[in-house]
Amino acid sequence: MVFRFKLVSDEVNSFSREIEIDSDSTFLALRNAILESVDFSKDELDSFFLCNDDWEKEEEITLEDMGSSSDQDIWLMDETTIGELIEDEGQKLIFVFDYMTDRCFFMELKEILPGRSLSQPVCIFKKGKAPVQMIELEEFDRKVDENLAKLDTDLDEEFFGDTQYDEEDLPEGMEDF
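Small disclaimer: the values here were computed from a predicted structure and weren't measured.

K.L.:
Would you take a moment to explain unusual backbone geometry for this structure?
P.N.:
Working note: non-glycine residues mostly have negative phi, and peptide bonds are mostly trans. Positive phi, close to 60°, is recorded for D39, a residue that is not glycine. Within the secondary structure, D39 is located in the loop between α1 (27-37) and β3 (47-51). Here D102, not a glycine, exhibits a phi torsion of approximately 55°, which is positive. Structurally, D102 can be placed in the loop between β6 (92-98) and β7 (103-113).

Listed below in structure tokens is the structure:
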């Protein structure tokens, strides 16, 4: 069975990739296919995260065991097949490629192709240029500051409401707070 994943970036609107990979392949093979499709180095630490429908991280699949607590399952890329953890179209994942700034690709399993197999993963669609792999912390902070400055920061009484309140309006038991 072959899985078709779509990757997008929240940094570059015109960027996307589609990768087909056999469900019996490992997450390491998927990682390498992603990195090759965007011309990233394979020398950096990265991780996959299975996500819920709201893109909240759940299970992590790591490149190396980082010594997490023993009561958690440890999923290693080179030991875990994709089909072991993913079985439904629409499954969401995040591939974190820059740990220092938590930059990532958003991924979704777009299609399951039963009756097919692949010996090697293949990038079947490329659109746009990928964001840079690593960004200096100073540059990252500067971009965050620029984006914050674009927000409407004219927060006045109209935004916060009346500065006076009546204790009788508070819920019972809240008067002491």
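Still more to cover.
K.L.:
Would you mind going over the nonpolar core with me for this structure?
P.N.:
In globular proteins that are soluble, nonpolar side chains generally tend to be buried together. In terms of nonpolar packing, the biggest core is built from 29 residues, with F5, F27, L30, F48 and I86 touching the most fellow members. Of all elements in the fold, only β1 (2-8), β2 (16-22), α1, β3, α2 (82-85), β6 and β7 reach the threshold of two or more residues within this core. Top element by residues in this core is α1. It accounts for five residues. Setting aside residues up to four positions removed in sequence, F27 forms contacts with F48, I61, M77, T80, T81, I82, L85, I86 and L93. Membership of the second largest hydrophobic core comes to six residues, among which are C51, I94, V96 and F106.

K.L.:
Any chance you could explain the sheet that holds β3 here in plain terms?
P.N.:
Each strand in a sheet pairs with its neighbour through backbone hydrogen bonds, running either in the same direction (parallel) or in the opposite one (antiparallel). Reading across the sheet, the eight strands line up as β5-β4-β3-β6-β7-β1-β2-β8 and stay open at both edges, with mixed pairing between neighbours. Two strands close off the open sheet at either side, each with one partner strand: β5 (75-76) and β8 (122-127). As defined by bridge partners, strand β4 (residues 57-62) adjoins β5 across two bridges and the pair is classed as parallel. Its bridge partner being in β5, I61 is matched across the sheet by W75. The strands touched by α1 are β1, β2, β3, β4, β6, β7 and β8; relative to β2, the strand with the most contacts, the crossing angle is about 150°.

What counts, and at which threshold
- Residues numbered from 1 in each chain as written.
- Predicted model: local features only at pLDDT ≥ 70, side-chain atom pairs only at ≥ 80, totals over all residues.
- Heavy atoms only, no water.
- Helix = DSSP H or I, 4+ residues; strand = E, 2+ residues; numbered from the N terminus.
- Core = buried A, V, L, I, M, F, W, Y, C linked by side-chain atoms within 4.5 Å.
- Buried < 20%, exposed > 50% of the residue type's maximum accessible area, 1.4 Å probe, protein only.
- Contact = heavy atoms within 4.5 Å.
- Pairing = 2+ DSSP bridges.
- Axes fitted to C-alpha atoms, helices over the stretch in contact; angles between N-to-C directions.

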